[in-house]
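# A closer look at the structure
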Amino acid sequence: MAAPSGKVLSVDEETALLHPIDEYVSNIQHKIDELRADGTSRVVELQTSIDVAKNDHVLTRDERDELIGGYKAQMEKARQVEASHKAEVDDLIADAESYLKEHFDRDYLDHVKASCAAEKLGAKSKYEKALADLEAEHKQTLSSLSDSKEVKEENYIYKNRRFDAKVTFQTETQQIKDRQHEAFSYRYHLIDMLRMGKFTFGEKQAQKRENYLYTFNTRNFLLKNGLYIVILLVFIALCAVAPIVKGTQLLTYQNVLNILQQASPRMFYALGVAGLILLTGTDLSIGRMVGMGMTAATIIMHQGVNTGSVFGVVFDFTTMPIVVRAILALVVCICLTTLFTTIAGFFTAKFKMHPFISTMANMLIIFGLVTYATKGVSFGAIEPTIPSIFIPKVGSFPTIVLWAVAAIAIVWFIWNKTTFGKNLYAVGGNPEAAAVSGISVFAVTVGAFVLAGILYGFGDWLECMRMVGSGSAAYGQGWDMDAIAACVVGGVSFTGGIGKISGVTVGVLIFTALTYSLTILGIDTNLQFVFSGIIILTAVTLDCLKYVQKK
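Residues numbered from 1 in each chain as written. Predicted model: local features only at pLDDT ≥ 70, side-chain atom pairs only at ≥ 80, totals over all residues. Heavy atoms only, no water.

### Let's talk about the overall build of the protein
- A count of helices and strands for the protein gives 18 helices and 2 strands.
- Over its C-alpha atoms the protein spans a radius of gyration of 33 Å, topping by over 25% the 24 Å that the globule rule assigns to 551 residues.
- The buried share of the protein, reckoned over its 551 residues, is 40%.
- Taking all contacts inside the protein whose residues are at least 6 apart in sequence as the whole, residues at least 24 apart take part in 79%.
- As presented, the protein carries roughly 29600 Å² of accessible surface, and 63% of it is formed by carbon and sulfur atoms.
- Of the side-chain charges in the protein, 50 are positive and 52 negative, and the distance between the mean point of each set is 8 Å. (Helix = DSSP H or I, 4+ residues; strand = E, 2+ residues; numbered from the N terminus. Rg over C-alpha atoms; globule rule 2.2 N^0.38 Å. Buried < 20%, exposed > 50% of the residue type's maximum accessible area, 1.4 Å probe, protein only. Contact = heavy atoms within 4.5 Å. Areas by Shrake-Rupley, 256 points an atom, 1.4 Å probe, with all protein chains shown as cover. Lys, Arg positive; Asp, Glu negative; His and termini not counted. Charge placed at Lys NZ, Arg CZ, Asp CG, Glu CD.)

### Side note on the nonpolar core
- Of all hydrophobic cores here, the largest spans 96 residues; its most connected members are Leu271, Met301 and Met465.
- Once residues within four sequence positions are removed from consideration, leucine 271 is found in contact with Ala407, Ile408, Val411, Leu455, Ile501 and Val504.
- Within the second largest apolar cluster, 27 residues are counted, among which are Leu35, Val89, Leu92 and Leu109. (Core = buried A, V, L, I, M, F, W, Y, C linked by side-chain atoms within 4.5 Å.)

### Things to note about the packing of helix H16 (residues 479-489) against helix H17 (residues 501-520)
- Contact geometry for H16 and H17: axes closest at 7 Å, N-to-C directions at 125 degrees. Of the possible angle classes, the one that applies to H16 and H17 is oblique. Pair H16 / H17 crosses with right-handed handedness. Mapping the contact onto sequence places Asp482, Ala485, Ala486, Cys487 and Val489 in H16 and Gly503, Val504, Gly507, Val508, Ile510 and Phe511 in H17.
- Classifying every residue of the contact of H16 with H17 by side-chain character gives 8 nonpolar, 2 polar and 1 charged. (Axes fitted to C-alpha atoms, helices over the stretch in contact; angles between N-to-C directions. Parallel < 35°, antiparallel > 145°, perpendicular 65-115°, else oblique. Left-handed = near helix turned anticlockwise from the far one by under 90°. Nonpolar A, V, L, I, M, F, W, Y, C, P; charged D, E, K, R; others polar.)

### Describing the pattern of salt bridges
- This model, assessed by the stated rule, comprises 16 salt bridges.
- Here arginine 187 ties to aspartate 105 by a salt bridge, and the two come within 2.4 Å at their closest N and O atoms. Taken as a pair, arginine 187 in helix H4 (residues 148-195) and aspartate 105 in helix H3 (residues 61-143) lie far apart in primary sequence, 82 residues in all.
- Looking at aspartate 105, the relative accessible area reads 29%, which means it is partly exposed.
- Among the charged side chains, a network of salt bridges with common partners joins Glu14, Glu119 and Arg179. (Salt bridge = Lys/Arg side-chain N within 4 Å of Asp/Glu carboxyl O.)

### A look at a negative patch on the surface
- On the surface, a cluster of negative charge is made up of Asp62, Glu63, Asp65 and Glu66.
- One can find glutamate 63 in helix H3.
- A relative accessible area of 40% places glutamate 63 in the partly exposed class. (Patch = residues over 30% accessible without salt bridge, like charges linked within 9 Å, V, L, I, M, F, W, Y side chains within 5 Å.)

### Points about the environment of glutamine 249
- Along the chain, the position of glutamine 249 falls in the loop between helix H6 (218-245) and helix H7 (253-278).
- Between the C-alpha atoms of glutamine 249 and valine 230, which are 19 residues apart in sequence, the distance is 21 Å.
- With sequence-adjacent residues up to four places away left out, glutamine 249 is seen in contact with Pro243 and Asn255.

### Regarding the confidence of the model for the protein
- Mean pLDDT over the protein works out to 92, with 98% of the residues at or above the 70 mark.
- Per-residue pLDDT, averaged within each element of the protein, yields its smallest value for helix H18 (residues 525-550) (78) and its largest for helix H12 (residues 400-417) (98). (pLDDT = per-residue confidence, 0-100.)

What follows is the structure in structure tokens.
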């Protein structure tokens with residue numbers, strides 16, 4: 001069936017094109033429904049009845065078992081009928097699919113697409129003509145006016161009329177887009193009926209692609225991904241400049257491994273603070289937590305007797321087995337960081353104190369205590385055998401990356417598959433509504449801080465082993481901003497209740513890669529802070545724009 005190229009189809013003409021396809025497939029569908037009536041359809045119906053019976057608490061246990069037993073006996077007979085009709089049903093489905101493959105695009109969809117393309121051109125021409133007419137009318141009106149107030153009113157009217165014309169054009173364009181999308185989707189509606197909702201991988205991907213193109217909006221895309229695109233372009237530029245400036249390739253296998261190794265401990269801090277940002281909070285004490293944990297871990301795992309003291313006491317853990325010392329260091333790191341995050345969480349949840357204040361207080365207390373206790377000295381190196389036990393390199397691959405992967409998987413599970421995770425999103429999105437629905441805002445808030453503390457402790461322990469010691473109160477300065485920035489870049493919104501673990505992961509990798517690249521190029525550390533600040537400002541601005549648009 002051929003249609004004139006560029007012809008705009010009316011509703012009746014489009015229906016006429018679809019009618020033979022609809023009729024053919026509907027006849028087959030009717031035969032399939034008859035064959036499924038006492039088989040597949042009956043199995044689905046009985047399975048639903050069994051599920052209802054299992055949740056019916058009015059029935060006694062014996063009554064429930066007897067009822068379900070009867071349903072299962074009927075289901076067994078229905079399955080036998082289903083099996084006896086399977087070959088015939090499969091042949092009918094194959095016949096319908098073959099017909100759709102041969103006729104749907106050629107006899108229907110291609111004509112609708114051509115019609116929609118012609119309609120779009122017509123709508124655009126109509127819009128351009130409307131603008132030209134409005135402009136001519138506006139100029140003619142202005143030529144007859146002399147009063148400034150009247151000129152101002154005419155300009156205002158002209159602006160509104162142009163806006164109305166634009167809205168009309170956008171509405172018409174969307175209607176054309178809807179029509180083409182519905183025509184595309186109708187094929188999968190027929191397949192859905194034939195196969196009872198079962199699609200092949202290719203069919204699923206085709207539908208996803210169509211839905212993406214149908215809902216695509218350039219402004220929303222740039223708001224969501226604009227920062228990533230800019231950072232990617234900057235990184236590409238750095239890769240291009242590195243061989244010229246430093247005579248070395250930036251994007252090498254070894255450099256990628258180095259970036260992953262550096263990012264691994266930082267991943268724990270970002271995952272921890274992400275939960276707090278999800279609750280519209282933050283944590284300014286991360287950097288000092290790093291210094292505290294690194295100092296504690298270095299003291300416990302120190303190579304030989306400690307060279308420094310804590311409150312005047314020199315600790316010696318050399319009599320303990322190395323593995324025990326490493327595990328003890330992990331436990332101490334987790335206990336210390338969790339203690340302080342819990343305190344901050346308690347004040348935040350109990351007294352509605354903003355996390356900015358409670359965590360800033362933590363930051364000052366931790367830094368003051370650790371610096372006073374240790375006199376600000378660095379505690380040197382840890383036993384070199386400890387990193388080779390817990391984060392060995394397999395060839396050139398640093399297994400510390402596997403710890404980060406495990407943390408990502410666990411936190412993803414907590415956020416997406418547990419009641420606590422669902423409550424975290426609910427409280428972050430609307431704490432008042434969450435409280436009304438029975439969620440303990442206090443427990444969720446404190447729980448988020450506790451989880452952050454545990455992750456910080458693991459991060460401190462791994463960073464200590466990665467650096468083979470070097471713990472001091474000053475270590476980790478600025479890491480709080482890096483962790484927060486990674487979350488914001490990764491799409492965790494300060495407006496609350498919005499964020500994904502995948503985004504946090506990407507944010508950490510982006511920030512670590514950029515920092516590593518700038519360091520290789522010899523960019524001053526102070527300028528790197530400027531660069532980080534610009535990224536944070538841009539990310540938060542885009543996040544605010546998305547929030548304003550949503551409102």
